[in-house]
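These are the residues of each chain, in order.
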Amino acid sequence: MPGMADIQARERWERRTQGPLLLLSVLFAVAYAVPIVRTDLAPWVRDACRAVEWGVWAAFALDYAVRLRLAPRRWAFVRSQPLALLAVLLPLLQPLRLLRLVSALLLVGQRARMASRVRVTTYVAGSCLGLLVFGSLAVLEVERNSPNGNITTLGDAVWWSFTTMTTVGYGDLAPTTGLGRLLAIGLMLSGIALLGVVTANIAAWFIARFDEEDAAERRQTAVIEDLTAEVRALRAEVAELRGGFTDSGGHGDGTVTGAAGHVSSPRS
């Protein structure tokens, strides 16, 4: 049927493009970080990094368009992945590097969740590292040239991102621009969400272990009950055999009937 064929074609597309898109996301990270870390770059290097950023975004946008084309019900596909659509449209609304950063993070997260071999722990660890790195670079980019800003080095930015994601907030470093405060809100919410996922994952692991122990105990109890039932059945069969032997070969007073019909007594 056409619907099943489209689903299989989309799954094949997602499997084949999973690795290349993740490699492109790493390339995007490098292109985004280099102009921020090195402020003395030549103009052509900055232009090349900007071209790489737009190229990676175009690759993810093409991936979304192909998956939309292969979806059996396209409107249902759009409704089921609103973040992916938002990530594709964000850079078109206003060509800011920060919007391309947000869209790339959203698109990478959407595709990473589709990989069946990516476990929750790996995904959470990668998300934490990605948010820490990109949050540091983004806040450094918007706060470095602020007149009242105190986040002026990469070390300060990393420290601020770490304390913000963990919701510690020492207060020694804080953004002063509106965009920097929006970044802080995003990092705080993301940190709370990721901590919740980690806590839920640990709790699920303990519950799974307890369930395995309970299942093993239930299996052992079932085996013991089966053995007890078999022993009872064997006892009943032995008792029945003893009763049949008594009825056919002897009397309850200890006398035994001989082969010729004479009755002999134990005392004779």
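Note that the structure is predicted; figures quoted are calculated from it, not measured.

**Q** How should I be thinking about the overall build of the chain in this particular structure?
**A** In terms of helices and strands, the chain carries eight helices and two strands. Along the chain, helices (α) and strands (β) appear in the sequence α-α-α-α-α-α-α-α-β-β when read from the amino end. Buried positions account for 29% of the 268 residues belonging to the chain. At a minimum sequence separation of 6, the contacts of the chain that also span at least 24 residues come to 60%. Here the chain has roughly 17300 Å² of accessible surface; of this, 65% comes from carbon and sulfur atoms.

**Q** Sorry, what's going on with the side chain of Thr 163 here?
**A** Counting through the fold element by element, Thr 163 comes out in helix H7 (residues 154–165). In this structure the side chain of Thr 163 is engaged in a polar contact, spanning 3.0 Å, whose partner is the backbone oxygen of Trp 160.

**Q** I would appreciate a short explanation of the packing of aromatic side chains in the present structure.
**A** Geometry of an aromatic ring pair is reported as the spacing of the ring centres plus the angle between the planes. Overall, the coordinates contain four aromatic pairs when judged by the stated rule. Aromatic side chains Trp 54 and Trp 57 sit 5.6 Å apart centroid to centroid with 85° between the ring planes, which places their arrangement in the edge-to-face category. On the criterion of helical spacing, the pair formed by Trp 54 and Trp 57 is a turn pair, its members being three residues apart in helix H2 (residues 43–70). What links up through ring pairs into an aromatic cluster is the set Phe 28, Tyr 32 and Phe 134.

**Q** Mind showing me how you'd approach the nonpolar core here?
**A** Nonpolar side chains in soluble globular proteins generally cluster together in the buried interior. If you look at the biggest cluster of nonpolar residues, it comprises 24 residues, and the most contacted ones within it are Tyr 32, Val 139, Ile 151, Trp 160 and Met 165. When residues of this core are traced back to their parent elements, those giving at least two are helix H1 (2–37), H2, helix H6 (120–143), H7 and helix H8 (178–249). Ranked by the residues each element gives to this core, the list is headed by H6, at eight residues.

**Q** What is the right way to read the pattern of salt bridges from this model?
**A** The final tally for this structure, using the stated rule, is three salt bridges. Between Asp 63 and Arg 67 there is a salt bridge whose closest N-O contact spans 3.1 Å. Of this pair, Asp 63 and Arg 67 both sit in helix H2, four residues apart, which is roughly one turn of that helix. Comparing Asp 63 with Arg 67, the two get one shared label, buried.

**Q** Explain H2 to me, please; I cannot follow it from the model alone.
**A** Side chains three or four residues apart in an α-helix point the same way, a direct result of the helix having 3.6 residues per turn. The first and last C-alpha atoms of H2 sit 41 Å apart over 28 residues, in line with the 40 Å expected at 1.5 Å per residue. Residues of H2 that are buried include every one of Val 45, Cys 49, Glu 53, Val 56, Trp 57, Phe 60, Ala 61, Asp 63, Tyr 64, Arg 67 and Leu 70, and no others.

**Q** Before we go on, may I ask you to explain unusual backbone geometry in this structure?
**A** Note on backbone geometry: most residues besides glycine have negative phi, and most peptide bonds are trans. Even without glycine at this site, Thr 167 takes up a positive phi of about 60°. Along the chain, Thr 167 turns up in the loop between H7 and H8. Thr 167 gets classed as partly exposed once you look at its relative accessible area, which sits at 43%.

**Q** How should the side chain of Ser 161 be read in this particular structure?
**A** Its location among the elements puts Ser 161 in helix H7. In this view, Ser 161 contacts Leu 132, Gly 135, Ser 136 and Leu 187; residues no more than four positions away in its chain are not counted.

**Q** So what exactly am I meant to see when it comes to the environment of Val 34 here?
**A** Secondary-structure assignment places Val 34 in helix H1. Expressed as a C-alpha distance, the spacing of Val 34 and Cys 49, which sit 15 residues apart in the sequence, is 7.8 Å. If we skip the residues at most four places from it in the chain, Val 34 touches Leu 41 and Cys 49.

**Q** I tried to follow a nonpolar patch on the surface on my own but got confused; where do I start?
**A** A cluster of nonpolar residues, Leu 179, Leu 182, Ile 185, Met 188 and Leu 189, forms a patch on the protein surface that exposes about 460 Å² of accessible area. In this fold, Ile 185 is placed in helix H8.

**Q** Explain H7 to me, please; I cannot follow it from the model alone.
**A** The terminal C-alpha atoms of H7 lie 16 Å apart, and with twelve residues this matches the ideal 16 Å at 1.5 Å per residue to within 8%. Residues of H7 that are buried include every one of Ala 157, Trp 160, Ser 161, Thr 163, Thr 164 and Met 165, and no others. The positive-phi residue at the C-terminal boundary of H7 is Thr 167, with phi of around 60°.

About the thresholds
Residues numbered from 1 in each chain as written. Predicted model: local features only at pLDDT ≥ 70, side-chain atom pairs only at ≥ 80, totals over all residues. Heavy atoms only, no water. Helix = DSSP H or I, 4+ residues; strand = E, 2+ residues; numbered from the N terminus. Buried < 20%, exposed > 50% of the residue type's maximum accessible area, 1.4 Å probe, protein only. Contact = heavy atoms within 4.5 Å. Areas by Shrake-Rupley, 256 points an atom, 1.4 Å probe, with all protein chains shown as cover. Polar contact = N/O pair within 3.5 Å; in protein donor to acceptor, adjacent residues only side chain to side chain. Phe/Tyr/Trp six-rings, centres within 6.5 Å; stacked < 30°, edge-to-face > 60°. Core = buried A, V, L, I, M, F, W, Y, C linked by side-chain atoms within 4.5 Å. Salt bridge = Lys/Arg side-chain N within 4 Å of Asp/Glu carboxyl O. Expected span 1.5 Å × (residues − 1). Patch = residues over 30% accessible without salt bridge, like charges linked within 9 Å, V, L, I, M, F, W, Y side chains within 5 Å.

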